[in-house]
Amino acid sequence: MSRARFDIQPVDRFGGSGTTIRRPREIACFSYDQNRQFSLGDSSISYYYPPDLPADLNIGFNTFQKLNDSADEHLDALLDTITALEKETEKKCEADIITWRGMMTKILTAPFDMMNGFEMNATCFQGTIFIEENNEYKNRQKEVQRNQRMPPGMASQEQMMYWGYKFEVLSVLRQPWDSTTRAEIENRQNEVVNNSAQYCSVVKTGIGHTRMVLGGEVDAVWDCKPDRKEDTIHWVELKTSAEIRNDRDMLKYERKLLKFWAQSFLLGVPTIIVGFRDQEGIVHRLEELDTASIPGKVKKVGRGSWDGNICINFTAAFFDWLKQTIQEDGIWRIRKQEKSPVIEVFKVEDSGHGDILSSAFTSWRSSM
Ligand code: A3P
Ligand code: MG
Ligand code: MG
């Protein structure tokens, strides 16, 4: 079957600041609880409250309740949430693209991430392209990551992953702070870390000519969700990062900022809290980043290792092209191989929507 190719390089052709961006607005939300049970609404929302420092992220590693995410969840939770919204509003949620925020992050960062690859599945239904992660690829990547040898003296991948979740637990409250007791704040240290619970925001946004509906996890809200739907929500993204000791670390951190920025920019998360940790997993200081000003800082005071405008213009152009490429049903693979400067798109199934779309969703949409 024929392969369509979209060149990522040279990225200079995507320079400038001409692309219009629609501010992401939350249209719905859903939650998973500690047992990974799905529900509509915000039952798993968390409230930011700074951790006590220094914070030891190792504590409780032996009791970590880690989610097994090897099963393929497709777009199910996102589509169920959209269906519920459409039933409530009696209006079709129009978009050119519906996908997880994680897929968009991979596209948005592709111009400055030669090394990594990705594989996604896509299908077109009622004029919208639905994109999911290719689950076999995801599981293969995880296996590679698990088997990666760490230099002697360094923490294992598993331990470092725990640090990230532990930092989140130490930095949030289950209720707004004015409804939380001092004892509850102090008890965060003893909480068992369980990464099944999540709050996911579903937003409407747009880049260039492409309207998108994206679903993605948000870690916490700064204060409270505003009562008025049109008001922006002060979301907070929590991150840990190794303390910067030299120029090499600085460059590494700057590259990491690309991921932080892309992930938060897409859902409209205005603030990122970075907990800087040492090699032993102890956080000694916090830094508050304003998402919107990250690209400017990287350009002006950093090494300029990436350019946010190029990412945005590239994404706009890629989706203009993708909409021309995927216009019928069937399943398409969207693939970038490691170290490759191109994104390939090719058909892997001639008709239908595979498992990308649940039958509940296609039946609902066909009955509208
Ligand atoms: P850090 O980002 O602080 O390392 P997120 O920041 O996206 O909310 O993710 C929370 C944590 O999940 C991360 O914390 C990290 O511990 C873990 N995590 C997320 N994506 C990961 C990946 N691709 N590989 C390993 N761990 C990951
Ligand atoms: Mg998170
Ligand atoms: Mg986080």
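To be clear, the structure that these remarks concern was listed above.
Residues numbered from 1 in each chain as written. Chains lettered and ligands numbered in written order. Predicted model: local features only at pLDDT ≥ 70, side-chain atom pairs only at ≥ 80, totals over all residues.

(A) Quick look at the environment of Trp 163. Position of Trp 163 relative to the elements: it lies in helix α4 (residues 157-171). What makes Trp 163 buried here is the crowd of 23 C-beta atoms within 10 Å. Along the sequence, Trp 163 and Arg 101 sit 62 residues apart, while their C-alpha atoms lie 23 Å from each other. If we ignore the near neighbours within four places in the chain, the residues touching Trp 163 are Leu 57, Thr 240, Arg 277 and Gly 281. (Helix = DSSP H or I, 4+ residues; strand = E, 2+ residues; numbered from the N terminus. Buried ≥ 20, exposed ≤ 12 C-beta atoms within 10 Å, placed from the backbone. Contact = placed C-beta atoms within 7 Å.)

(B) Structural context of the environment of Phe 265. Along the chain, Phe 265 falls in helix α6 (residues 247-267). Counting along the chain gives 241 residues from Phe 265 to Pro 24, while the straight-line C-alpha distance between them is 8.5 Å.

(C) Focus on α6. Over its 21 residues, α6 runs 31 Å from end to end, which matches the ideal 30 Å to within 8%, given 1.5 Å per residue. All buried positions along α6 are accounted for by Leu 257, Leu 258, Trp 261, Ala 262, Gln 263, Ser 264, Phe 265, Leu 266 and Leu 267. Looking one or two residues beyond α6, the residue adopting positive phi is Gly 268, at roughly 75 degrees. (Expected span 1.5 Å × (residues − 1).)

(D) Local environment of the packing of helix α2 (residues 101-109) against α6. Two elements in contact, α2 and α6, have axes separated by 9 Å at closest approach and are oriented at 130 degrees. Taken together, the axes of α2 and α6 lie oblique to each other. Note on packing geometry: the crossing formed by α2 with α6 is right-handed. On α6, the residues touching Arg 101, Met 104, Thr 105, Leu 108 and Thr 109 of α2 are Leu 258, Lys 259, Ala 262, Gln 263, Leu 266 and Leu 267. Residues of the contact of α2 with α6, tallied by class, amount to six nonpolar, three polar and two charged. (Axes fitted to C-alpha atoms, helices over the stretch in contact; angles between N-to-C directions. Parallel < 35°, antiparallel > 145°, perpendicular 65-115°, else oblique. Left-handed = near helix turned anticlockwise from the far one by under 90°. Nonpolar A, V, L, I, M, F, W, Y, C, P; charged D, E, K, R; others polar.)

(E) Representation of the site of ligand 1 within the structure. Around ligand 1 lies a shell formed by Met 161, Gly 164, Tyr 165, Phe 167, Asp 219, Lys 239 and Thr 240. Elements with a contribution of two residues or more to the shell around ligand 1: α4 and β13 (235-242). Looking at the shell around ligand 1, the element that brings in the most residues is α4, giving four residues. A breakdown of the residues in the shell around ligand 1 according to their chemical character gives three nonpolar, two polar and two charged. (Near = placed C-beta within 6 Å.)

(F) Main features of the nonpolar core. Core analysis: the largest hydrophobic core is formed by 83 residues, its most contacted members being Ala 122, Phe 130, Ile 131, Val 202, Leu 214 and Val 221. Not counting residues up to four positions away in its chain, the partners in contact with Ala 122 are Ile 129, Phe 130, Ile 131, Ile 326, Trp 332 and Ile 334. (Core = buried A, V, L, I, M, F, W, Y, C linked by C-beta atoms within 7 Å.)

(G) Focus on the sheet that holds strand β3 (residues 38-40). Read across the open sheet, the ten strands follow the order β1-β17-β16-β7-β8-β6-β11-β10-β2-β3; overall the sheet is mixed. This sheet does not close on itself; its edge strands, each paired only once, are β1 (3-7) and β3. On average, each strand axis in the sheet is inclined to that of its neighbour by 25 degrees, with strand direction left out of account. Where strand β10 (residues 198-207) meets strand β11 (residues 210-217), eight bridges bridge the pair, whose relative direction is antiparallel. Residue Ser 201 lies in a different strand from β11, and its bridge partner there is Gly 216. Sitting on the sheet, α6 touches β2 (21-32), β10 and β11, and the angle it makes with β11 is about 110 degrees. (Pairing = 2+ DSSP bridges.)

(H) Structural detail: the packing of α2 against helix α8 (residues 308-325). Put simply, α2 and α8 touch, their axes get as near as 8 Å, and they point 110 degrees apart. Judged by the angle between their axes, α2 and α8 are roughly perpendicular. Side by side, α2 and α8 meet where Ile 107, Leu 108 and Thr 109 of the first sit next to Cys 311, Thr 315 and Phe 318 of the second. Residue classes in the contact of α2 with α8 are distributed as four nonpolar, two polar and no charged.

(I) Layout of unusual backbone geometry. With an omega of -5 degrees, the peptide bond running from Gln 9 to Pro 10 counts as cis. Put simply, Leu 53 and Pro 54 share a cis peptide bond, and its omega is -5 degrees. Following the sequence through the fold, Pro 54 ends up in the loop between β4 (47-48) and β5 (55-56). One non-glycine residue with positive phi stands out, namely Glu 90, at about 55 degrees. Relative to the assigned elements, Glu 90 resides in the loop between α1 (76-89) and β6 (97-100). Judged by C-beta crowding, with 7 C-beta atoms within 10 Å, Glu 90 ranks as exposed. The backbone phi angle of Lys 339 is positive, close to 65 degrees, even though this residue is not glycine.

(J) Broad picture of the environment of Phe 118. Following the sequence through the fold, Phe 118 ends up in strand β7 (residues 118-125). Residue Phe 118 is classed as buried on the basis of its C-beta count, with 23 C-beta atoms lying within 10 Å. In this structure, the C-alpha to C-alpha distance between Phe 118 and Lys 106, residues twelve residues apart in sequence, is 7.3 Å. Those residues in contact with Phe 118 that lie beyond four places of it in its chain are Lys 106 and Lys 336.

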